[in-house]
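The lines below spell out each chain.
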Amino acid sequence: MRILVCISNVPDTTTKIRFSNDNTSIDENGVQWIINPWDELALTRAMEIKEDASNPVDHVTVATVGGAGVEPTLRKALAIGADDAIRVDCVGGDAHQVATQLAAVVKSGTYGAILCGIESSDYNGSAVGGMLAEMLGVPSVSAVSSLTFENGEVVITRDIDGGKELVTVPAPFIGVVQKGIAKEPRIAAMRGIMMARTKPLLVLAAVEAESLTRFKEYVMPESKAPCKMIDADNVKELVNLLQNEAKVL
Amino acid sequence: MSVLVYTENWDGKFKKISFELVSYAASVAKMTGGSVTALSIGNVNQDELSNLGAYGATSVLNASSAPAGLDNQVYTNIIAAAMEKTGATVLVLANNNTGKAIAPRLSVRLKAGLVSGVTALPESVSPLVVRKKVFNGKAFGKVEVTTGTAILTLAQNSFEIREAGGSAAVESFDHGVDAGTAKTTIKDVQKQEGKLLLTDADVVVSGGRGMKSGDNWVPIEELAGVLGAATACSRPVSDEGWRPHEEHTGQTGKIIAPNLYFAFGISGAIQHLAGVSSSKCIVAVNTDKDAPIFEAADYGIVGDALKVLPDLITEIKAAKAQ
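A quick note: this is a predicted structure, and the numbers were derived from the prediction, not measured.

1. Brief notes about the overall build of chain A
Along chain A, the regular secondary structure elements total six helices and 13 strands. By principal-axis analysis of the C-alpha atoms, chain A measures approximately 65 × 45 × 40 Å. Sequence separation of 24 or more characterises 70% of the internal contacts of chain A that already satisfy a separation of 6 or more.

As structure tokens, this is what we get:
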């Protein structure tokens, strides 16, 4: 079985976000770009599955949608261990646009499992995985916190309110993964970085697709009042403030 | 423009988020001059269903036949059938695990623009422009839906429940979807009974590395007990195994928005703040006066959490006793 991991290129999560003057795009000066953290966990789990010889998985491909500027992020995924990478040459558009491009990628291959992170740390859309599944007409399982193979069958744990469910689903399927799927994201070793340079990175032309939403502008949150400091010996005052000023107790 | 709202139930009961959703849908409908229909899937009793009218639903579609667990395709089919029946042009769901699983599928099915994690009422309805969280709460984005039908998923705790009284007409909904077509098979369910869910809690008491050891959680649990609060922790704590992963709040863990959040011994890394910054009131206790948590907090104490906690428990008990 082949696994496809869909990855998104996002600003490092520790980045202080600034916007362009008209607030329609982020100021990319000094921004470090990374693999979206949830996608990175999905990729890590895909590698773990492939490396365990008892699993019927022999190939891991990563795919992303974006301009040439996202290729360093794809190379990073190759350095972590993906066998090959695909970039659909398409800039802009909403989640529906991105999912349409990824659907074309899936149709051009033979993937048994397609993994996506549950959201991206930039737009927090939580949309691409589910949209992709509906476009392909295949089952999807969301909030996946564990994915294993038992006797060749996929066994998934998904989080529900107050607990977990163990579910099985026939391939091909979309797994929308969250934290827990892998313990720590894998860090590329020097050998992996060297090997990544010569691994295949296929660039596909974009297919025709439409966006259903349009991003208008960014708005910064209202700045909040400074923190009111209370003396450690005067906890009674804190309780008083919580009761009578904040009215939350 | 009519609005359809999917109200999820948990073992036959609606939760706070369901009432937030109906209140939100009612306010959207007021802007557009339409009515609100709530859709319930699964076994919920009549009183619980008609009570949705108190929050502004005019009618309730009761799809009592449904697969035992969530199958994304079956649920998509049922909700799409309800959209067709009601002719609604706005669909509202929760931005929780269920909403995240179904809303994108419905967006494709209905060719309806999806805005997830909305935090306020639309700024305009024609075209529909609405505000959502981006960059994990570091900013907001204004998004315009360019299709005739819109799907909005509401961020938890971002819209106040509005109770107006009244009851809704409940109608049994025969959606014609065969639950037998479900492709996900549920093999096992593990649920912790009787434990307050972190994402539901009005008050959350959380500890970080400053708690020094997993053995020091007794006062955190005691304070949570006194306040009827849920317990949480920062990422290093769950990574160390001091607390279970389910309690990890932060960017890659749970995103919560309680009314009151206590951070004990949490420095407030940007990834942690991403999970808690939507809380209405944040109280931080940390030995480092320069810890970033104090920039996000409303009230702060510079001090050792292990020393402050017992005093706080005593004072809150005393205040509650009055």
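That was the structure; now back to the text.
2. Digging into unusual backbone geometry
In this chain, Ala 171 of chain A is followed by Pro 172 of chain A through a cis amide linkage whose omega measures -5°. In this structure, Pro 172 of chain A sits in the loop between β9 (163-168) and β10 (173-177). Of note, the amide linkage connecting Ser 126 of chain B to Pro 127 of chain B takes the cis form, showing an omega dihedral of 5°. For Pro 127 of chain B, the position within the fold is in the loop between β8 (124-125) and β9 (128-134).

3. A short note on the sheet that holds β10 of chain A
With mixed pairing, ten strands are arranged side by side in an open sheet as β11(A)-β5(A)-β4(A)-β1(A)-β6(A)-β10(A)-β7(A)-β8(A)-β9(A)-β13(B). Two strands bound the open sheet, and with one partner strand each, they are β11 (201-205) of chain A together with β13 (185-191) of chain B. Across the sheet, the axes of successive neighbouring strands diverge by a mean angle of 30°, strand direction being ignored. Of the pairings in the sheet, the one linking strand β4 (residues 59-66) of chain A to strand β5 (residues 84-89) of chain A comprises six bridges and is parallel in character. Looking at β5 of chain A, one finds that Val 62 of chain A is bridged to Ala 85 of chain A. Packing of helix α4 (residues 97-110) of chain B onto the sheet brings it into contact with β7 (140-150) and β8 (153-160) of chain A, and relative to β7 of chain A it is tilted by some 95°.

4. Details of the interface of chain A and chain B
Of the residues lining the interface, 63 residues belong to chain A; the matching set on chain B comes to 74 residues. Those elements that provide at least two residues to the side of chain A that touches chain B are α1 (37-51), α4 (128-136), β7, β8, β9, β12 (213-219), β13 (228-230) and α6 (235-244) of chain A. A total of seven residues in the side of chain A that touches chain B trace back to one element, the largest contributor, which is β12 of chain A.

5. Overview of the pairing of strand β16 (residues 260-264) of chain B
Residues and elements named next belong to chain B. Within β16, five of the five residues are buried, leaving the element largely enclosed by the surrounding structure. Here β16 shows two buried faces, one formed by Leu 260, Phe 262 and Phe 264 and the other by Tyr 261 and Ala 263. Sheet topology places strand β14 (residues 203-207) next to β16; five bridges connect them, and they run parallel. Of the residues in β16, the one forming a bridge with Ser 206 is Ala 263. Relative to strand β17 (residues 281-286), β16 runs parallel, the two sharing five bridges. Bridged to Phe 264 within β17 is Val 285. Note on the crossover from β16 through helix α7 (residues 270-276) to β17: the handedness is right-handed.

6. Observations regarding the nonpolar core
Counting 128 residues, the largest nonpolar core has Val 5, Leu 102 and Leu 132 of chain A together with Val 22, Ala 25 and Val 92 of chain B as the members making the most contacts within it. Counting residues per element, this core draws most heavily on helix α1 (residues 16-32) of chain B, which supplies nine residues. Discounting residues that sit within four places of it in the chain, Val 92 of chain B has contacts with Val 3, Val 5, Leu 21, Tyr 24, Ala 25, Leu 152 and Leu 154 of chain B. Formed by 49 residues, the second largest nonpolar core is a distinct cluster that contains Val 276, Val 283, Phe 294 and Ala 296 of chain B.

7. Focus on the environment of Val 28 of chain B
Residues and elements named next belong to chain B. Relative to the helices and strands, Val 28 is located in helix α1. The sequence separation of Val 28 and Ser 124 amounts to 96 residues, and the corresponding C-alpha distance is 10.0 Å. Aside from chain neighbours lying at most four places away, what touches Val 28 is Val 3, Val 90, Leu 121 and Pro 122.

8. Brief notes about the sheet that holds β17 of chain B
The strand order across the open sheet formed by six strands is β13(A)-β18(B)-β17(B)-β16(B)-β14(B)-β15(B), and the pairing between neighbours is parallel. Each edge of the open sheet carries a strand with a single partner, namely β13 of chain A together with β15 (230-233) of chain B. Strand-to-strand twist in this sheet, taken as the mean axis angle between neighbours without regard to direction, amounts to 20°. Pairing between β13 of chain A and strand β18 (residues 299-302) of chain B: three bridges, direction parallel. Directly across from Met 229 of chain A, in β18 of chain B, lies its bridge partner Gly 300 of chain B. Contacting β14, β15 and β16 of chain B, helix α5 (residues 218-227) of chain B crosses the sheet at an angle of about 175° to β14 of chain B.

9. Considerations on the packing of α5 of chain B against helix α9 (residues 305-321) of chain B
All names here are of chain B. At a minimum axis distance of 10 Å, the contact between α5 and α9 shows a crossing angle of 15°. Taken together, the axis directions place α5 and α9 in an arrangement best described as roughly parallel. Judged by the sense of rotation from one axis to the other, the crossing of α5 with α9 is left-handed. Contacts from Pro 219, Ile 220, Glu 222, Leu 223, Val 226 and Leu 227 in α5 reach Leu 309, Pro 310, Leu 312, Ile 313, Ile 316 and Lys 317 in α9. Classifying every residue of the contact of α5 with α9 by side-chain character gives ten nonpolar, no polar and two charged.

10. Details of the domain arrangement of chain B
Residues and elements named next belong to chain B. Domain assignment breaks chain B into domain 1 (3-181) and domain 2 (203-321). Each of domain 1 and domain 2 has a C-alpha centre, and these two points are 32 Å apart. Facing five residues of domain 1, the contacting portion of domain 2 comprises five residues. Residue composition of the side of domain 1 that touches domain 2, grouped by class: no nonpolar, five polar and no charged.

11. What about the environment of Glu 20 of chain B?
Residues and elements named next belong to chain B. Examined against the element boundaries, Glu 20 turns out to sit in helix α1. For Glu 20, a count of 22 C-beta atoms within 10 Å gives the class buried. Residues Glu 20 and Thr 119, spaced 99 residues apart in sequence, show a C-alpha to C-alpha distance of 11 Å. Once you skip the residues sitting within four places of it in the chain, Glu 20 turns out to touch Leu 154, Phe 159 and Ile 161.

Analysis parameters
- Residues numbered from 1 in each chain as written.
- Chains lettered and ligands numbered in written order.
- Predicted model: local features only at pLDDT ≥ 70, side-chain atom pairs only at ≥ 80, totals over all residues.
- Helix = DSSP H or I, 4+ residues; strand = E, 2+ residues; numbered from the N terminus.
- Contact = placed C-beta atoms within 7 Å.
- Pairing = 2+ DSSP bridges.
- Axes fitted to C-alpha atoms, helices over the stretch in contact; angles between N-to-C directions.
- Buried ≥ 20, exposed ≤ 12 C-beta atoms within 10 Å, placed from the backbone.
- Right-handed = clockwise from strand over helix to strand, strands pointing away.
- Core = buried A, V, L, I, M, F, W, Y, C linked by C-beta atoms within 7 Å.
- Parallel < 35°, antiparallel > 145°, perpendicular 65-115°, else oblique.
- Left-handed = near helix turned anticlockwise from the far one by under 90°.
- Nonpolar A, V, L, I, M, F, W, Y, C, P; charged D, E, K, R; others polar.
- Domains from an automatic or database assignment.

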